[in-house]
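# Structural description and commentary
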Amino acid sequence: MSGKDNEEKKTPALQDIFAQLDEVIEGMEQEDVSLEETFELYHKGMDMLKMCNDKIDKVEKKMLLLDNEGEKHEFES
């Protein structure tokens, strides 16, 4: 197994990160959560958002567009 395969298995899928973000938001919305816990949850959520952005950036870089003649070109945002 290559190092790239191991790296991809270590990072959760986008759907899993979104589910975890929902849990973080629910935790922050609890009435009995302390300010310190809210701050910790906020930072955890921000780290998860960064992971999502990194994953999306990688996908965008891998995308290719086909022109009218079937030629492949790098995806440009």
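From a predicted model like this one, the values you see are computed outputs, not experimental measurements.

### A word on the overall build of the chain
Looking only at helices and strands, one finds three helices and two strands in the chain. Each helix (α) and strand (β) of the chain, taken in turn from the N terminus, gives the series α-α-α-β-β. In the chain, of all internal contacts separated by at least 6 residues, the share reaching a separation of at least 24 is 44%. Surface exposure of the chain reaches about 6,800 Å², of which carbon and sulfur atoms provide 53%.

### Here's the deal with the pattern of salt bridges
Under the defined criterion, the tally for this structure stands at one salt bridge. Between Asp-54 and Lys-50 there is a salt bridge; the shortest N-O distance is 3.1 Å. In this pair, Asp-54 and Lys-50 are both assigned in helix α3 (residues 35-62), four residues apart and thus about one turn of the helix distant. With relative accessibility at 34%, the residue Asp-54 sits in the partly exposed group.

### A closer look at a negative patch on the surface
Taken together, Glu-31, Asp-32, Glu-36, Glu-37 and Glu-40 make up a surface patch of like negative charges. With respect to the helices and strands, Glu-37 occurs in helix α3.

### Re the packing of helix α2 (residues 14-29) against α3
Two quantities define a packed helix pair, namely the angle between the axes and the distance from one axis to the other. Where α2 contacts α3, the two axes come as close as 10 Å, and the packing angle between them is 160 degrees. In terms of orientation, α2 and α3 fall into the roughly antiparallel class. Viewed along their axes, α2 and α3 form a crossing whose handedness is left-handed. Facing Leu-14, Ile-17, Phe-18, Gln-20, Leu-21, Val-24, Gly-27 and Met-28 of α2, the residues of α3 in contact are Thr-38, Leu-41, Tyr-42, Lys-44, Gly-45, Met-48, Leu-49, Met-51, Cys-52, Lys-55 and Ile-56. Taken together, the residues of the contact of α2 with α3 sort by class into 13 nonpolar, four polar and two charged.

About the criteria used
Residues numbered from 1 in each chain as written. Predicted model: local features only at pLDDT ≥ 70, side-chain atom pairs only at ≥ 80, totals over all residues. Heavy atoms only, no water. Helix = DSSP H or I, 4+ residues; strand = E, 2+ residues; numbered from the N terminus. Contact = heavy atoms within 4.5 Å. Areas by Shrake-Rupley, 256 points an atom, 1.4 Å probe, with all protein chains shown as cover. Salt bridge = Lys/Arg side-chain N within 4 Å of Asp/Glu carboxyl O. Buried < 20%, exposed > 50% of the residue type's maximum accessible area, 1.4 Å probe, protein only. Patch = residues over 30% accessible without salt bridge, like charges linked within 9 Å, V, L, I, M, F, W, Y side chains within 5 Å. Lys, Arg positive; Asp, Glu negative; His and termini not counted. Charge placed at Lys NZ, Arg CZ, Asp CG, Glu CD. Axes fitted to C-alpha atoms, helices over the stretch in contact; angles between N-to-C directions. Parallel < 35°, antiparallel > 145°, perpendicular 65-115°, else oblique. Left-handed = near helix turned anticlockwise from the far one by under 90°. Nonpolar A, V, L, I, M, F, W, Y, C, P; charged D, E, K, R; others polar.

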